[in-house]
Amino acid sequence: MCGIVGYTGRRDAAPVLLGGLKRLEYRGYDSFGIATVGSAIEVYKKAGRIPDGDPGAVGLVGCTGIGHTRWATHGEPNEINAHPHMDCEGKIAVVHNGVIENYAELKRHLQERGHTFRSETDTEVIAHLIEEKYDGDLLAAVNAVLPLLQGSYAILVIAGDTQRIVAARDASPLVLGIGDDEVFAASDMTPLLEYTERVIFLEDGDVADLMPGRYTIYHGGLEVERPIELINWCFEDTRKGGFPHYMLKEIYEQPQSFYETIRAGIDEHVRRMVMEADEITLVACGTSYHTALVFKYLAESLCGIPVRVEMGSEFKYFTPPLRGLVIAVSQSGETADTIAALKMAKARNCPTLAITNMQGSTVTRIADETLLMRAGPEIGVAATKSYMAQLAALMEILNIRCDGEFDDALSHAHLAIGDVLLLDIQDAVDLCSKVEHVFFVGRGPFYPVAMEGALKMKEISYVHAEGYAAGELKHGPFALLTPETPVVAICTPGPTYGVMASNIKEIKARRAPVIAVGVAGDIELPEIVDIFIPIPNTHLLVQVLTASVVLQLLAYHTACALNRDVDKPRNLAKSVTVE
Ligand code: G6P
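The text that follows walks through the structure, step by step, so that each part is easy to find. (Residues numbered from 1 in each chain as written. Predicted model: local features only at pLDDT ≥ 70, side-chain atom pairs only at ≥ 80, totals over all residues. Heavy atoms only, no water.)

**Here we look at the overall build of the protein**
Consideration 1: Scanning the protein from terminus to terminus reveals 19 helices and 25 strands.
Consideration 2: A compact globule built from 579 residues would reach a C-alpha radius of gyration of about 25 Å, and the protein, at 25 Å, matches this within 12%.
Consideration 3: Dimensions of the protein, computed from the C-alpha atoms along their principal axes, are close to 80 × 50 × 40 Å.
Consideration 4: With 579 residues in all, the protein has 60% of them scored as buried.
Consideration 5: Counting every atom, the protein has about 21500 Å² of accessible surface; 49% of that belongs to carbon and sulfur.
Consideration 6: Mean positive and mean negative side-chain charge positions of the protein (50 and 76 charges, respectively) differ by 2 Å. (Helix = DSSP H or I, 4+ residues; strand = E, 2+ residues; numbered from the N terminus. Rg over C-alpha atoms; globule rule 2.2 N^0.38 Å. Buried < 20%, exposed > 50% of the residue type's maximum accessible area, 1.4 Å probe, protein only. Areas by Shrake-Rupley, 256 points an atom, 1.4 Å probe, with all protein chains shown as cover. Lys, Arg positive; Asp, Glu negative; His and termini not counted. Charge placed at Lys NZ, Arg CZ, Asp CG, Glu CD.)

Dropping the structure here:
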């Protein structure tokens, strides 16, 4: 994973780089570092998060520089392994996002030639390889080294004797920001928003030569033009806006992210693709996998389309027979497993659609068509408003297949989502923050909603949580039920209400406390459960959305009660660009 940023222009580079890295911390936050070109290369690296106004870092001089925030793959997260990495003489500095798969062999070869390595990283080989080729022409040196690298990379390289950055990408994202007398480079567009709305999404195989106010892009040794695109996000969206955490802000932005995604609609090409599909396969990971499962339940039961949902990580090695439309669902558009699955679907000549929040991301380049979610920048590591926008996009697809049957429900859903934000769930939070295990159960589309509730709970509060199909709990997990094991049950009106109520009674009979999410006005459920949380009695699709918000809030407030680092939970990263 990791995030990289580069700047060359008229400003002091260090504050620009540090500010940019802070925006990219969601990609990894175990250590960071920057390097600038002063009279020579100056470097500052540290283990841990990026502090505000760190004098050591801000003090670096120079108007050209590169920076990196790390999610460790090769070597533990300490200062030595933090990027930038340098050559033997300290004349070349490199930051890298990706994995150099043949680094061990390259390292051995370089050591035999007398190079001294300081870190355990794969990246350091790049700096030493460039050192071997560098004779004052940084672009030529980088070009000579790239063919030796196997794996994935987005790299930014500087040399101590020139005000330029050479950038290259292959299978890792890299975006240029074009200012008036300045050029930026970053893993995604969030660090650029403060300075420019004009961006260029580099393609795999591109090499860019960046100088203050000038850039040239090459592909296969030839100069190429890449279109300048305008970003549709604004800088203010990346601020906390008075909320204690990004996650809470983003939970509160969900009425908007749902509404905007529905309002944006679906273009003719995507519409045709969806209408022509006699079968749909969705590939996704993490939270996106859960939205895909929700879609499966709804699409199969409401419009009779056969839907298969595959985890990106399994798909590549155990590819199912494929027919019909393949949809990759990915907030970031950069998840390695989802990308690999999408490429395989392409190779099998399936029509492909990407549903993503990231304009210009890798999935948009691979898929035949893209459906852009309108969640805006999501900074908290735990996905919330992007989950909501994914559901909006998927429900819109459902609506198209059902000839607009859900128009009314979808156009008013944001109001109900807004209503549940105000619910008092303190009793449930008090219960969950005192225990070690919580089960989440539901049936039909509420089963993946329960899985997502459990994922949110474990990733940000570190309370162990499992999401189960309510009927399965008695086939094993019942053995774990005690008065200290609360079960969160989603039980709304419909064909499974009765059987859910029976399941809840069975759970109660094992003395486990039950927190039920049901609809306002239900008089039976509050009688049999310990805590009842009422969501509005609306259309099934809307109940899926509102129940999800309740579980997000439960996880969030439980994590806060336990003093967890909500926006940056341990060991995680928002965008997982390694397999
Ligand atoms: C990571 C994040 C999850 C996310 C998953 C898939 O694991 O921590 O929140 O759901 O990646 O990400 P994507 O960008 O493909 O939706």
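**Section: helix 16 (residues 446-461)**
Consideration 1: Its 16 residues place the ends of helix 16 22 Å apart at the C-alpha level, agreeing with the 22 Å of an ideal helix rising 1.5 Å per residue.
Consideration 2: Most of helix 16 sits inside the fold, with 13 of its 16 residues counted as buried.
Consideration 3: In the segment just after helix 16, Tyr462 is the residue with positive phi, at about 65°. (Expected span 1.5 Å × (residues − 1).)

**Some words on the nonpolar core**
Burial of nonpolar side chains together is a common tendency in soluble globular proteins.
Consideration 1: Judged by nonpolar contacts, the single largest core of 90 residues is most densely connected at Phe258, Leu282, Ile397 and Phe440.
Consideration 2: No other element matches the 13 residues that helix 19 (residues 540-561) contributes to this core.
Consideration 3: With residues near it in sequence (within four places) discarded, Phe258 still touches Met388, Leu391, Ala392, Met395, Leu410, Ala413, His414, Ile417 and Leu545. (Core = buried A, V, L, I, M, F, W, Y, C linked by side-chain atoms within 4.5 Å. Contact = heavy atoms within 4.5 Å.)

**Observations regarding the site of the ligand**
Consideration 1: Near the ligand lie 13 residues; those nearest to it are Ser288, Ser330, Gln331, Ser332 and Thr335.
Consideration 2: For the ligand, an oxygen atom lies 2.8 Å from a polar atom in the backbone of Gln331.
Consideration 3: In this structure, Ala573 approaches the ligand through a main-chain N or O atom, which is 3.0 Å from an oxygen atom.
Consideration 4: In the complex, the protein chains occlude 89% of the 390 Å² of accessible area that the ligand would expose alone.
Consideration 5: The leading source of residues in the shell around the ligand is helix 9 (residues 286-303), at three residues.
Consideration 6: The residue inventory of the shell around the ligand, partitioned by class, reads five nonpolar, seven polar and one charged. (Near = heavy atom within 4 Å. Polar contact = N/O pair within 3.5 Å; in protein donor to acceptor, adjacent residues only side chain to side chain. Nonpolar A, V, L, I, M, F, W, Y, C, P; charged D, E, K, R; others polar.)

**With respect to the sheet that holds strand 12 (residues 206-211)**
Consideration 1: Across the sheet, which stays open at both edges, the seven strands sit in the order 5-6-7-8-12-13-14 with antiparallel pairing between neighbours. One side of each edge strand has no neighbouring strand; the edge strands of this open sheet are strand 5 (85-86) and strand 14 (222-224).
Consideration 2: When strand 8 (residues 165-170) meets strand 12, the two strands line up antiparallel, connected through four bridges. Pairing of Val166 across the sheet is with Asp209, part of strand 12.
Consideration 3: Lying on the sheet, helix 4 (residues 124-133) is in contact with strand 5, strand 6 (92-100) and strand 7 (151-159); it crosses strand 6 at an angle near 130°. (Pairing = 2+ DSSP bridges. Axes fitted to C-alpha atoms, helices over the stretch in contact; angles between N-to-C directions.)

**Here's the deal with the packing of helix 3 (residues 103-112) against helix 4**
Consideration 1: At a closest axis distance of 10 Å, the pairing of helix 3 and helix 4 adopts a crossing angle of 45°. Viewed along their axes, helix 3 and helix 4 adopt a mutual orientation that is oblique. The two elements helix 3 and helix 4 meet at a crossing, and its hand is left-handed. Contacts between helix 3 and helix 4 involve Tyr103, Leu106, Lys107 and Leu110 from the former and Val125, His128, Leu129 and Glu132 from the latter.
Consideration 2: Among the residues forming the contact of helix 3 with helix 4, the class breakdown is five nonpolar, one polar and two charged. (Parallel < 35°, antiparallel > 145°, perpendicular 65-115°, else oblique. Left-handed = near helix turned anticlockwise from the far one by under 90°.)

**So, the sheet that holds strand 20 (residues 369-372)**
Consideration 1: One open sheet holds the five strands; their spatial order is 17-16-18-19-20, and the pairing between them is parallel. Because the sheet does not close on itself, it has two edges, and the strands there are strand 17 (307-311) and strand 20. This sheet shows a mean twist of 20° between the axes of neighbouring strands, independent of strand direction.
Consideration 2: In the sheet, strand 16 (residues 280-284) pairs with strand 18 (residues 325-330) via four bridges, with the strands oriented parallel. Within strand 18, the position partnered with Ile280 by the bridge is Leu325.
Consideration 3: Along the sheet, helix 11 (residues 336-347) contacts strand 16, strand 18 and strand 19 (352-356); its crossing angle with strand 18, the most-contacted strand, is approximately 165°.

**Some thoughts on the environment of Ala292**
Consideration 1: Along the chain, the position of Ala292 falls in helix 9.
Consideration 2: Separated by 206 residues in sequence, Ala292 and Gly498 have C-alpha atoms that sit 26 Å apart.
Consideration 3: Excluding residues that lie within four positions of it along the chain, Ala292 makes contacts with Leu282, Val309 and Leu394.

**Observations concerning helix 5 (residues 138-145)**
Consideration 1: Among all positions in helix 5, only Leu138, Leu139, Ala141, Val142 and Val145 are buried. Angularly, the buried residues of helix 5 cover 165° about the axis, an arc narrow enough to put them on a single face.
Consideration 2: As for helix 5, its buried residues are in contact with strand 6, helix 4, strand 7, strand 8, strand 12 and strand 13 (214-219).
Consideration 3: The backbone nitrogen of Leu139 lies 3.2 Å from a side-chain oxygen of the residue at the head of helix 5, namely Asp137. (Arc of directions from axis to C-beta.)

**Description of the environment of Arg23**
Consideration 1: Here Arg23 shows up in helix 1 (residues 13-24).
Consideration 2: For Arg23, a relative accessible area of 16% corresponds to the buried category.
Consideration 3: On a C-alpha basis, the gap between Arg23 and Thr69 in space is 9.9 Å, while along the polypeptide they are 46 residues apart.
Consideration 4: Excluding anything up to four places from it in sequence, Arg23 contacts Thr190, Pro191, Phe235, Thr238 and Tyr246.

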